[in-house]
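Residue-level structural notes
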Amino acid sequence: MANPVPIPTYLLLLSAFLHCVHLSNQLQQSQFNALREIQQFLNYPSLLSIFNTTWDFCNIEPSPLLTVVCYGDDVTQLHITGNNGDFPPLLPQNVSIDVLFTSISSLPNLKVLSLVSIGLWGPLPATIGKLSAMEILDLSSNYINGFIPLELSYLNNLQTLVLDHNEFTGQIPDWISSFNDLAVLSLKNNSLIGSLPSSISSLENLRVLAMADNHLYGEVPNLRNLTNLQVLDLKNNHFGPNFPALNPKVITVEIRNNSFQSGLPNEELSSYFQLQKLDISINTFIGPFSPSLFALPSIDYIDISGNKLTGKLLHNTSCNAHLMFVNLSSNLLTGDLPECLQQRNIEKRVVSYGGNCLSDEEQDQHPSSFCHGEALAVKVMPQKLQHREDEVMGVVGSSLAGGIVGLTVIVGLGYWVFYRRKRSAAMKGPSTRLITEKLSTVNTVKLLSDARYISETMKMGANLPTYRAFALEELKEATDNFTHSIIMAESSLCQIYGGKLADGRAIAIRCLKMRRKHSPTTLTQHIEMISKLRHKHLVSCIGHCFECCPDDSSVGIIYLVFEYLSNGTLRSSISEGVARQRLNWAQRITGAIGIAKGIQFLHTGMIPGVFSNNLKITDVLLDHNFHVKICSYNLPLVAENGGISSNVRVRGKDEDKDDIHDFGVILLEILVGRPIVSQNDVMVVKDILQVSNKMDDTARRSIVDPTIIKECSAESLKTVMEICLRCLSDDPTDQPSIDDVLWTLQFAAQLQDPW
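About the criteria used
- Residues numbered from 1 in each chain as written.
- Predicted model: local features only at pLDDT ≥ 70, side-chain atom pairs only at ≥ 80, totals over all residues.
- Heavy atoms only, no water.
- Pairing = 2+ DSSP bridges.
- Helix = DSSP H or I, 4+ residues; strand = E, 2+ residues; numbered from the N terminus.
- Disulfide = S-S within 2.5 Å.
- Buried < 20%, exposed > 50% of the residue type's maximum accessible area, 1.4 Å probe, protein only.
- Contact = heavy atoms within 4.5 Å.
- Polar contact = N/O pair within 3.5 Å; in protein donor to acceptor, adjacent residues only side chain to side chain.
- Expected span 1.5 Å × (residues − 1).
- pLDDT = per-residue confidence, 0-100.
- Axes fitted to C-alpha atoms, helices over the stretch in contact; angles between N-to-C directions.
- Parallel < 35°, antiparallel > 145°, perpendicular 65-115°, else oblique.
- Nonpolar A, V, L, I, M, F, W, Y, C, P; charged D, E, K, R; others polar.
- Left-handed = near helix turned anticlockwise from the far one by under 90°.

1. Digging into the sheet that holds strand E21 (residues 332–335)
- Strand order in the open sheet formed by four strands is E17-E19-E21-E23, with parallel pairing between adjacent strands. A strand with exactly one partner marks an edge of an open sheet, and here the two such strands are strand E17 (286–288) and strand E23 (357–358).
- Where strand E19 (residues 308–313) meets E21, four bridges bridge the pair, whose relative direction is parallel. Note that in E21 the partner of Leu-313 across the bridge is Gly-335.

Structure follows, in structure tokens:
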């Protein structure tokens with residue numbers, strides 16, 4: 001290139017890390033050579049003279065730009081991230097992506113490969129197919145072009161595939177369905193054409209399907225059987241005409257700026273109890289819009305702008321209190337803006353509703369005759385617009401032309417153009433990254449991929465540090481050399497120490513003594529599982545440390561480092577202590593919802609799920625804000641015997657109902673405000689609850705905690721009692737699912753709010 005290219009920061013760090021260090025005794029020579037070649041390929045000639053050939057790659061201090069992870073004598077993870085955002089400079093012409101991947105293919109046990117924003121260019125080489133152990137592949141924000149190669153299908157263990165922000169062309173191949181374990185498929189911002197393969201509907205473990213900003217078209221395959229799908233991002237394509245068929249457990253649906261022209265499946269949408277974000281803007285949806293969507297228990301974002309939706313809004317329509325963004329603009333809605341959407345009610349809520357025919361004229365409205373006339377006009381449009389596939393194929397490169405065909409009768413075309421221009425500007429903004437900002441030395445596999453994306457949609461693991469491996473010296477310093485006086489709990493093979501890290505963070509360290517010998521490599525899978533159990537309603541593990549025996553390097557002690565909560569157990573704020581310090585009714589419902597969300601994550605937030613957790617109210621802790629966190633759940637490393645266990649199991653018949661029953665017992669104590677310490681207590685209080693619940697409100701209040709009698713609404717109290725009794729049913733088939741429990745408790749909270 002004519003002008004000198006600035007040296008990327010990650011290469012400068014690589015030089016600094018690797019200069020004058022000795023070769024690891026464990027790393028195989030072939031893999032050492034491969035890493036050295038990779039470094040040289042990604043470096044520029046001006047730097048080569050400062051490198052020494054004796055580098056200990058496996059002990060490089062991890063950074064956001066460079067991490068190498070080894071287990072035993074194998075490299076298992078390689079992360080290299082540029083610091084140039086989505087538009088890195090191209091690597092020099094003499095850097096061949098083919099040669100680079102030939103070197104990478106010399107790492108036979110590589111599970112995680114992340115080469116993000118480093119300027120790679122050219123087609124993805126066929127040698128990618130040699131990385132048979134690969135589980136996570138992230139090549140986002142480069143200039144890789146051409147078709148997605150067939151050889152990629154050889155990666156049978158692939159769980160996450162992220163090729164965002166590249167220049168891939170052609171169609172999405174049918175063989176994409178051969179990845180049985182695929183959880184994240186993200187091909188955003190490329191130049192892909194054609195339709196989504198129908199075989200995608202067979203990816204039963206898929207959680208994230210992101211195809212935004214391509215040139216894809218046609219009907220979306222039936223995704224109703226994808227019970228794990230949480231994120232659907234198809235915005236800025238040409239999909240249509242019918243609304244996608246989805247499983248009601250979906251959390252995020254983004255299909256803005258496509259060619260959808262059907263009516264909305266309002267009844268089906270009303271059952272999406274976990275839906276948090278719905279964006280169907282800038283399409284041509286017609287027919288009635290259901291205001292019941294405002295009250296979905298998890299919803300916080302709705303954008304239906306730029307469609308032809310009709311319906312009458314009522315002043316007394318109810319809304320979810322957490323609904324923060326609503327855009328109803330440029331539709332054919334009539335009636336009154338609901339009181340719950342008026343911005344004076346919630347300061348930070350954003351509500352747009354101009355370009356309709358509503359009575360509130362604070363934002364520009366059409367006369368009601370306009371919406372009635374337009375509604376009559378669009379009733380005849382579906383028959384004329386159902387057969388547009390050939391037409392859309394002819395205008396793949398022009399989303400504007402495709403939109404105008406469906407909007408020829410719109411008098412208010414100016415509004416539509418305005419929102420399309422806003423969409424174009426929004427596309428220039430930064431994209432969501434699937435790889436963590438700070439990488440660690442633990443083999444976290446899925447944690448570094450789909451867990452990051454899913455955590456953003458489910459708000460999991462908020463404010464937790466990146467999972468990492470601790471040095472034994474750090475833990476000794478945090479515990480004053482494991483002083484006996486700071487032991488919080490103890491058994492024959494396990495001690496739990498309280499401590500404080502150098503940054504001031506309080507921790508609890510669980511010390512497991514191993515009865516049998518295990519190498520660090522054999523424990524890797526279990527550590528990976530523990531590292532994924534991060535959620536804002538779980539007391540989460542933030543790292544580990546292996547203490548190895550000096551004679552044979554086997555692991556003698558495992559230290560698991562957990563976050564520490566100092567506000568006591570839920571029982572201490574429900575049925576113990578001074579009455580005036582107990583949680584009120586609204587706080588108790590919020591706590592119960594938090595526990596339910598924690599259980600829901602254990603059951604469905606990962607594959608396989610974690611069941612039979614033997615939950616007790618004393619296992620629920622409170623943080624400084626009185627948010628609940630479950631501290632004891634079925635970890636794959638068993639504290640009682642210090643050995644390896646397969647307690648994390650694939651769900652069997654009714655296996656989740658053990659936790660449902662345990663949750664019912666917790667709910668029972670939340671209601672009555674006194675300790676439930678035996679099975680006999682459960683039976684007696686349950687019988688009293690059943691009798692009282694069949695009577696009137698006075699009878700129900702007579703058995704609840706006296707401190708909350710005057711605080712709870714009749715409807716809210718009855719709803720919680722009913723779900724408690726269902727959880728405690730002796731017949732597992734009569735017990736609700738955790739999704740039903742969560743929905744009912746959120747409904748109880750809504751009933752309590754106006755009271």
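2. What to know about the state of the cysteines
- Taken as a whole and judged by the stated rule, the model has two disulfides.
- In this model, Cys-319 is linked to Cys-340 through a disulfide, with the two sulfur atoms separated by 1.9 Å. Taken as a pair, Cys-319 in the loop between E19 and strand E20 (325–327) and Cys-340 in the loop between E21 and strand E22 (350–352) lie far apart in primary sequence, 21 residues in all. Here Cys-319 matches Cys-340 in class, with each residue buried.
- At a sulfur-sulfur separation of 1.9 Å, the disulfide partner of Cys-357 is Cys-371.

3. Digging into the environment of Arg-224
- Looking at where Arg-224 falls in the secondary structure, it is placed in the loop between strand E12 (215–218) and strand E13 (231–233).
- In this structure, the C-alpha to C-alpha distance between Arg-224 and Ala-245, residues 21 residues apart in sequence, is 5.5 Å.
- Setting aside residues no more than four positions away along its own chain, Arg-224 makes contact with Ala-245, Leu-246, Asn-247 and Glu-268.
- Among the polar contacts listed, one links the side chain of Arg-224 to the side chain of Glu-268, at a separation of 3.1 Å.

4. Focus: helix H13 (residues 585–604)
- The terminal C-alpha atoms of H13, which comprises 20 residues, lie 28 Å apart, in line with the 28 Å expected from a rise of 1.5 Å per residue.
- Counting buried positions along H13 yields 15 of 20 residues, so the element is predominantly enclosed.
- Where H13 begins, one side-chain oxygen reaches toward the backbone nitrogen of Ala-586, 3.2 Å away; that side chain belongs to Asn-584.

5. Some thoughts on the confidence of the model for the protein chain
- Taken residue by residue, the protein chain gives an average pLDDT of 78. The fraction at 70 or more is 75%.
- Per-residue pLDDT stays below 50 along residues 1–5; that stretch engages in three contacts with residues further than four places along the chain or on separate chains.
- Scored below 50 in pLDDT, residues 10–25 shows 47 contacts in the model against residues more than four places distant or in partner chains.

6. Some thoughts on the side chain of His-537
- Looking at the secondary structure, you find His-537 in the loop between helix H12 (524–532) and strand E28 (541–548).
- For His-537, the side chain forms a polar contact with the main-chain oxygen of Val-628, separated by 3.0 Å.
- Contacts of His-537, omitting those with residues within four sequence positions, involve Gly-594, Lys-597, Gly-598, Val-628, Lys-629 and Ile-630.

7. As for the packing of H13 against helix H14 (residues 657–672)
- Close contact between H13 and H14 brings their axes to 11 Å; oriented N to C, the two are set at 170 degrees. With respect to each other, H13 and H14 are oriented roughly antiparallel. Contacts between H13 and H14 pair Trp-585, Arg-588, Ala-592, Ile-595, Ala-596, Ile-599 and His-603 from the former with Asp-659, Phe-663, Ile-666, Leu-667, Ile-670 and Leu-671 from the latter.
- Of the residues in the contact of H13 with H14, the class split is ten nonpolar, one polar and two charged.

8. Considerations on the packing of H14 against helix H15 (residues 679–693)
- Relative to each other, H14 and H15 sit at 65 degrees, their axes nearing to 11 Å. The handedness of the crossing between H14 and H15 comes out as left-handed. Contacts between H14 and H15 involve Val-665, Leu-668, Leu-671 and Val-672 on the former and, on the latter, Val-682, Val-685, Lys-686 and Leu-689.
- Tallied by class, residues from the contact of H14 with H15 come to seven nonpolar, no polar and one charged.

9. Some words on the sheet that holds strand E14 (residues 238–239)
- Overall, parallel pairing links the three strands, which are arranged E10-E12-E14 in an open sheet. Two strands in the sheet have a free side with no partner beyond their single neighbour: strand E10 (193–194) and E14.
- Looking at chain direction, E12 and E14 are connected through two bridges and run parallel. Bridge pairing links Gly-218 to Phe-239 in E14.

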